[in-house]
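These are the residues of each chain, in order.
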Amino acid sequence: MAERTGRGDRPGGRPSGGRGRLPRLELGLLATALVALICAALMPLAPVSVSTPTVSWPQDPAAPVSTELQLTAQRPAALDVRFSCAALTAARGAGDGVLLSTVVPGRLAEAEGLQVRLAADDTLSVVSNGTEVYRGAVAGGDCAYRLRMDPGATRLSVDGQALAETGGALPDVDLLATSVTALPGGTADDLGVTVDVDDQFSTSPTPLKWAVAAVLLLASLACLALLAVRERRRRTGARAAAGRRWWRAVSVVDLAVAALLLLWLFIAPHTDDDGYYSAMARNAVENGYVGNYFQLLNQGYPPFSWFYQLLGYWDLLGSSPVVLRIPSLVAGLVTYGAARAIVESVGIPPARTAVGRLVRHGVVALVFLTAWLPYSMGVRPESISAVFAVLTLGAVVVARRRGSLAWYAAALLVAGIGVTCHPTGIVALAPWLLSIPAMWPLVRSTSPWRTLAVAAGVVAPAALAAVPGFLDGSLRDFTYSQEIYARLWPQESWYREWLRWSFLLGDGPMGSYAKRATVLVAMVAFLWFAVLQLSAGGRARRAFPPLVALTGWSFGLSLLLLWLTPSKWTHHFGALAGMTTVFVACALLQGARTVVAAQRGRRSLAPATVLAGISLVLVFALAMHGPNSWAYSWLLGMPHRLVPPFAGPVAFDSPAVWLVVVAVVGGLVWWRLPRRRRSWGRVTALAFPAAVMVFLAVTLAYLVGSFSLATVRTWDTYSPQADALQDPLAREGGAQHAIRAADPRTATVLPLQEGSAATVAGFTEQGGYLPSAPPTDTADDGPTVWGSYPGPGAEANTGELTTGWYALPDAAPDLRLLVEASGRPGGGNSLAAEYGELTGDGGVAALGSQVLDDGADSPFWRQLTLVPSPGADVVRLVAVDRTDGPGGWLALTAPVQAQMRPLTEVVGDGDVTAVAWQMAFQFPAADLPVTVYGITEPVDWVFAWGEGPLGGLDDAAFARQRAGLWHPTVRSSTLTQLATDVPGQPDLRTFTAYQVRNPYADAAYDLERGRTAVWGWQAP
């Protein structure tokens, strides 16, 4: 297909202006381009309004009330504490001497916060984040202390005189707690805390920035309009060369693609980070900016945030997986439509029959579906990046066909917006960069100034991408975000791109067979495309048509551009879905002609044919060696889960199988070709694309078929796929309705047999556990509790406990028998349940025992399920503490019975639930904690991704070293792990539920919502 090229002069070769001056149109183009580019450079530098909230506590110094205050950034921007000797005396009188603590006192982690204490010997200690600021005697009389802290310095003074000074030692802040409950006549000078909250990522544009954005918008669009006007004048009324129309009538293949995408909307596995990104987007609506949410201090994402902001507003329509996937469904339809249109427009000879057109559409459809379905039906931004990439490619194709600089500018604008969607959006630049040589003759002019004006006019419209990139962010947001990454989670460099391929070829879910299939096929196709194109030696008849070649080189350059992205996960291949579709489809459709042309004048293609066949066989087998595994999916009802695909005795990862397939396809092609047309080149050119289509068809059938079968198998129980079809709007609550838990509110102690009593030695009744982590409240007055923990530093205590006999109730499907345990039930200690049968003389005959060692060692409480021996009437508990080292204690409750209820009923109305990012997508009914004004809402429940004792609490969202959002929950609150199940689905194991009990009231402080304007490069 011919491409239009030419100079920037008027027809006839007469320049439209002299060498020394610009015509009006080019002058306007240069002026608007410069304005657009300057405004784009100013966008990250322009002033923004930054949130600067301040917390004051206590609300009434005369009657202080401890409060939860979980700072999202972990530490404050600054801290100012005032206290008097009278307040210190009151704290000592309260027992533990704690005047102020920002982490719950009485745990090892208290050193991570600020502790102001007065010991019994009148020694004042001030310790912050492991740094001892001061230790000494209290000043006499009516003294007044002041502690001022910022990132650079910590200063303690008394009565205006410096007492101690050290470097920055800002504490972690989970709460503001004091043992003082009354300070008669107290004022803020007796006890007053001012917390400058770090909320610097919460910015909004100032009027000046809005003005810059408006000028940038107008100037960019003006550039585009001036380019269009210029081209219309250049053509002097002549009609532009019209290429073949992109779009044809909708075919049955197109309808099939739409139908399959619609089915996949319901039954698809969620992509790797659907829960992560949906929670980010939902929280962005609340706090005004897109933050990381689960970790990394909730740092901002500029310039890659506009997609999540739009997703957050879409979430307002509904949080069910089906609703949240609709944007990716639309993106898929657009990507497919654009890809099919591009394939029709790049110079491949048209099909001569209706069947031929259907086959062509089928090739595009099959490649697209195998490229799109494994990666892009979710809320990850790669689906949007794929749209912008394929639209950029389409605009470049139009530009090259028409010789249009306006279309080149539009292509760069689309690519620029794609880049600000997500770092993988950089792949959209590939076709534009490759077309610079074709573009240059259209830009170049006899006048350097005119050349500069036109070049600037082509580039300037892309400056508009700075608006979505930095309207709600600044340069400081970007640089500080990168500092946080570097400190807490260093990103990968370009030279570690091999990690992406190691993940793809690994045995984990990132290397599943369907994710490998199209990527590896595209790679081998690109290899042979490059061989054919380079071996053509510039001879057009032996090479691919120029625009077909553009699709191939664009795919190759896209892979190189992915090297620049800072993470190396395989789901980033989803950004290539559109360009992969176009390239592979073009290679399959045009390859036959190119190979036949390459054979002319050569002795034999047999060696190349053999090598190509071997490469296909190995790629097919390697792709199918990937497991049937999907990230963070329970795979309920899934056939052949976690293993490579197979059918009966046929293993799809066997090279022998695919060697037979390629040979059979080649034989059929040889047989169907007329004898006079049989040649290595022609048979190869037809057989190998057909074999690729067979492979892709098998992959697609296995992918869709396995999830369809899983849906049918779980129709009467639960799976995310069946639930999506039965309740697409998640009115029942999704997984939260399917999973049951032992409801603590229904728990009652089993009846104690008359005359039966506990035998206790070394255990304390109604005590013996960590005071800051008490057991769970129950429906009655609470169970009897025994523990062997006497107090800090006395953990060498040992002991034995044998409870009385408790009557067992009749078995019921919704009833669970439990005992709650804390500390260490194993590892030298032991905890067991003994079951017995009542005898006629009032005795008990032993029937069996059950070891209750869950392997955990934690002050958190765990519900351990009792499984009575057949025929048992009664149960008693036997505990032994044999260990004398740190943490070597054990606590337990009397046995209780509790009702198993759906989590939608266990979680109360208005309760806040922290849901692990791996599965948050499946819990649309959960009220996630909000981060607003730099403060995280305390949670009442935790749903974690993990199994076993305390499963899931080791995730980054709970880790201090990753600045996890819920680290304050595990550091300062008390958790109880609940017994859970899913009726009919014993394979759903990677889920744990915790009841959270926060030690203090929420929001018992005053919050002042301040804002300040700063330049884009400045910190607040």
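Cut-off values and rules
- Residues numbered from 1 in each chain as written.
- Predicted model: local features only at pLDDT ≥ 70, side-chain atom pairs only at ≥ 80, totals over all residues.
- Heavy atoms only, no water.
- UniProt positions renumbered as here; feature names shortened; annotations may be inferred.
- Helix = DSSP H or I, 4+ residues; strand = E, 2+ residues; numbered from the N terminus.
- Buried < 20%, exposed > 50% of the residue type's maximum accessible area, 1.4 Å probe, protein only.
- Areas by Shrake-Rupley, 256 points an atom, 1.4 Å probe, with all protein chains shown as cover.
- Lys, Arg positive; Asp, Glu negative; His and termini not counted.
- Charge placed at Lys NZ, Arg CZ, Asp CG, Glu CD.
- Salt bridge = Lys/Arg side-chain N within 4 Å of Asp/Glu carboxyl O.
- Phe/Tyr/Trp six-rings, centres within 6.5 Å; stacked < 30°, edge-to-face > 60°.
- Contact = heavy atoms within 4.5 Å.
- Polar contact = N/O pair within 3.5 Å; in protein donor to acceptor, adjacent residues only side chain to side chain.
- Pairing = 2+ DSSP bridges.
- Axes fitted to C-alpha atoms, helices over the stretch in contact; angles between N-to-C directions.
- Disulfide = S-S within 2.5 Å.
- Domains from an automatic or database assignment.
- Buried area = accessible area lost by both parts, 1.4 Å probe.
- Core = buried A, V, L, I, M, F, W, Y, C linked by side-chain atoms within 4.5 Å.
- Patch = residues over 30% accessible without salt bridge, like charges linked within 9 Å, V, L, I, M, F, W, Y side chains within 5 Å.
- Arc of directions from axis to C-beta.

- Per an unreviewed UniProt entry, the chain carries the name Arabinosyltransferase C and comes from Geodermatophilus saharensis.
- The annotation that UniProt attaches to the chain under Sequence similarities (unreviewed entry) is "Belongs to the emb family."
- Turning to the chain, the UniProt record has this under Subcellular location (unreviewed entry): "Cell membrane".

## A short note on the overall build of the chain
Link 1 in the chain: Looking only at helices and strands, the chain has 26 helices and 41 strands in total.
Link 2 in the chain: In terms of principal-axis extent, the alpha carbons of the chain reach across some 105 × 75 × 45 Å.
Link 3 in the chain: Counting the 1020 residues in the chain, one finds 59% classified as buried.
Link 4 in the chain: Of the roughly 39800 Å² that the chain leaves accessible, carbon and sulfur atoms contribute 59%.
Link 5 in the chain: Here the chain carries 76 positive and 77 negative side-chain charges, and the mean point of each set is 31 Å from the other.

## With respect to the pattern of salt bridges
Working definition: two side chains of opposite charge can pair if their charged atoms are close together.
Link 1 in the chain: Taken as a whole and judged by the stated rule, the model has 34 salt bridges.
Link 2 in the chain: Aspartate 172 is the partner of arginine 971 in a salt bridge, and the nearest nitrogen-oxygen pair spans 2.7 Å. Residue arginine 971 is found in helix 26 (residues 967-972), and its partner aspartate 172 is found in the loop between strand 12 (161-167) and strand 13 (175-176); the two are separated by 799 residues along the sequence. Like aspartate 172, arginine 971 is buried.
Link 3 in the chain: As a salt-bridge pair, glutamate 344 and arginine 360 come within 3.9 Å of each other at their nearest N and O atoms. In this pair, glutamate 344 sits in the loop between helix 7 (321-343) and helix 8 (354-376) while arginine 360 sits in helix 8, placing the two residues 16 residues apart along the sequence. Take glutamate 344 and arginine 360: they sit in the same class, and that class is buried.

## What to know about the packing of aromatic side chains
Any aromatic ring pair is given by two values, namely how distant the centres are and how the planes are angled relative to each other.
Link 1 in the chain: A full pass over the atoms with the stated rule returns 46 aromatic pairs.
Link 2 in the chain: Where tyrosine 513 meets tyrosine 702, the ring centres are 5.3 Å apart and the plane angle is 90°; that geometry is what we call edge-to-face. Of the two residues, tyrosine 513 sits in helix 17 (residues 513-535) while tyrosine 702 sits in helix 22 (residues 680-713), which places them 189 residues apart along the sequence. The pair formed by tyrosine 513 and tyrosine 702 is uniform in burial state, with each residue classed as buried.
Link 3 in the chain: Between phenylalanine 526 and tryptophan 553 the ring centres are 5.9 Å apart and the planes differ by 85°, which places this aromatic pair in the edge-to-face class. Pair noted here: phenylalanine 526 is in helix 17 and tryptophan 553 is in helix 18 (residues 546-562), with a separation of 27 residues, a long-range link.

## A look at the environment of aspartate 190
Link 1 in the chain: Take aspartate 190: it is sitting in the loop between strand 13 and strand 14 (191-196).
Link 2 in the chain: For aspartate 190, a relative accessible area of 18% puts it in the buried group.
Link 3 in the chain: Spatially, the C-alpha atom of aspartate 190 lies 34 Å from that of phenylalanine 201, the residues being eleven residues apart in sequence.
Link 4 in the chain: When residues no more than four places from it in sequence are discounted, the contact partners of aspartate 190 are Arg82, Phe83, Ser84, Ala86, Ala87, Leu183 and Gly185.
Link 5 in the chain: Only 2.7 Å separates the side chain of aspartate 190 from the side chain of serine 84, close enough to count as a polar contact.

## Examining the sheet that holds strand 14
Link 1 in the chain: Judged by pairing direction, the sheet is antiparallel, and its seven strands sit side by side in the order 12-11-10-5-14-2-40 without closing on themselves. A single partner strand is all that each edge strand has here, and the edge strands are strand 12 and strand 40 (1006-1008). The average undirected angle you get between the axes of adjacent strands in this sheet is 10°.
Link 2 in the chain: The pairing of strand 11 (residues 153-158) with strand 12 spans six bridges and is antiparallel. Along strand 12, the bridge assignment pairs valine 158 with glutamine 161.
Link 3 in the chain: Against the sheet, helix 2 (residues 85-93) touches strand 5 (78-84) and strand 10 (144-149), its axis set at about 80° to strand 5.

## Quick look at the sheet that holds strand 41 (residues 1011-1014)
Link 1 in the chain: The strand order 15-1-41 describes an open sheet built from three strands, whose pairing is antiparallel. Each having just a single partner strand, strand 15 (203-205) and strand 41 make up the two edges of the open sheet. Taken over all neighbouring pairs, the strand axes of this sheet differ in orientation by 30° on average, direction set aside.
Link 2 in the chain: Sheet topology places strand 1 (residues 48-51) next to strand 41; four bridges connect them, and they run antiparallel. Residue pairing across strands places serine 49 opposite alanine 1013, the latter belonging to strand 41.

## As for the state of the cysteines
Link 1 in the chain: On inspection of all chains with the given rule, the structure shows one disulfide.
Link 2 in the chain: Each sulfur in the disulfide pair cysteine 85 and cysteine 143 lies 1.4 Å from the other. Residues cysteine 85 and cysteine 143 are joined through a disulfide that is right-handed, its torsion about the S-S bond being 110°. With a gap of 58 residues between them, cysteine 85 in helix 2 and cysteine 143 in the loop between strand 9 (131-137) and strand 10 connect regions that are remote in the sequence. An identical accessibility class is assigned to cysteine 85 and cysteine 143; each is buried.
Link 3 in the chain: Looking at cysteine 39, it has no disulfide partner, and the nearest cysteine sulfur is the one in cysteine 223, 11 Å off.
Link 4 in the chain: On the basis of relative accessibility, which here comes to 8%, the residue cysteine 39 falls in the buried class.
Link 5 in the chain: Overall, cysteine 223 belongs to the buried group, its relative accessible area being 0%.

## Some details on the domain arrangement of the chain
Link 1 in the chain: Structurally, the chain comprises domain 1 (50-197), domain 2 (332-602), domain 3 (745-897) and domain 4 (906-1001).
Link 2 in the chain: Its C-alpha centre places domain 3 at a distance of 26 Å from the equivalent point of domain 4.
Link 3 in the chain: The partner domain 4 presents 17 residues to the 17 residues of domain 3 that form the contact.
Link 4 in the chain: Buried surface at the junction of domain 3 and domain 4, summed over both partners, amounts to about 1300 Å²; 54% is from carbon and sulfur atoms.

## Section: the nonpolar core
Link 1 in the chain: Among the nonpolar cores identified, the biggest contains 225 residues, and Leu373, Tyr408, Phe620, Phe923 and Phe943 are the most heavily contacted of them.
Link 2 in the chain: Residue-level mapping places this core at the junction of two domains, with at least three residues from each of domain 2 (332-602) and domain 4 (906-1001).
Link 3 in the chain: Sequence-distant contacts of leucine 373, that is, excluding residues within four places in its chain, are made with Leu260, Leu261, Trp264, Leu700, Leu703 and Val704.
Link 4 in the chain: Membership of the second largest hydrophobic core comes to 39 residues, among which are Tyr145, Ala164, Leu183 and Val197.

## Points about the environment of lysine 515
Link 1 in the chain: Mapped onto the fold, lysine 515 is located in helix 17.
Link 2 in the chain: With a relative accessible area of 3%, lysine 515 lands in the buried category.
Link 3 in the chain: C-alpha separation for the pair lysine 515 and alanine 63, spaced 452 residues apart in sequence, amounts to 61 Å.
Link 4 in the chain: With residues up to four places along the chain from it excluded, the contact list for lysine 515 reads Asp272, Pro374, Tyr375, Leu504, Pro509, Met510, Thr570 and Trp630.
Link 5 in the chain: A polar side-chain atom of lysine 515 sits 3.0 Å from a polar atom in the side chain of aspartate 272.

## Observations regarding the pairing of strand 23 (residues 799-802)
Link 1 in the chain: Residues Gly799 and Leu801 line the buried face of strand 23, whereas the alternating positions Glu800 and Thr802 sit on a face that is not buried.
Link 2 in the chain: Inspection of the sheet shows strand 20 (residues 759-761) paired to strand 23 by three bridges, in the antiparallel sense. From the neighbouring strand, alanine 761 faces strand 23, where its bridge partner is glutamate 800.
Link 3 in the chain: By the bridge criterion, four bridges tie strand 23 to strand 29 (residues 874-881) in an arrangement that is antiparallel. Each residue of the ladder has a partner; that of glycine 799, found in strand 29, is aspartate 881.

## Notes on a nonpolar patch on the surface
Link 1 in the chain: A grouping of Trp494, Tyr495, Leu560, Trp563 and Leu564 is seen on the molecular surface, where their side chains present a nonpolar patch of about 590 Å² in accessible area.
Link 2 in the chain: Relative to the helices and strands, tryptophan 563 resides in the loop between helix 18 and helix 19 (577-599).

## Quick word on the pairing of strand 1
Link 1 in the chain: Both faces of strand 1 are covered, namely the face carrying Val48 and Val50 and the face carrying Ser49 and Ser51.
Link 2 in the chain: The pairing of strand 1 with strand 15 spans three bridges and is antiparallel. Bridge pairing in strand 15 places serine 49 opposite serine 204.

## Some words on helix 2
Link 1 in the chain: Buried within helix 2 are the following residues: Cys85, Ala87, Leu88 and Ala91. The arc that holds the buried residues of helix 2, viewed along the axis, is 155°, so those residues lie on one side.
Link 2 in the chain: Here the buried face of helix 2 lies against strand 5, strand 6 (98-101), strand 7 (114-118), strand 8 (123-128) and strand 10.
Link 3 in the chain: Following helix 2 by one or two positions, glycine 95 adopts a phi angle in the positive range, close to 120°.

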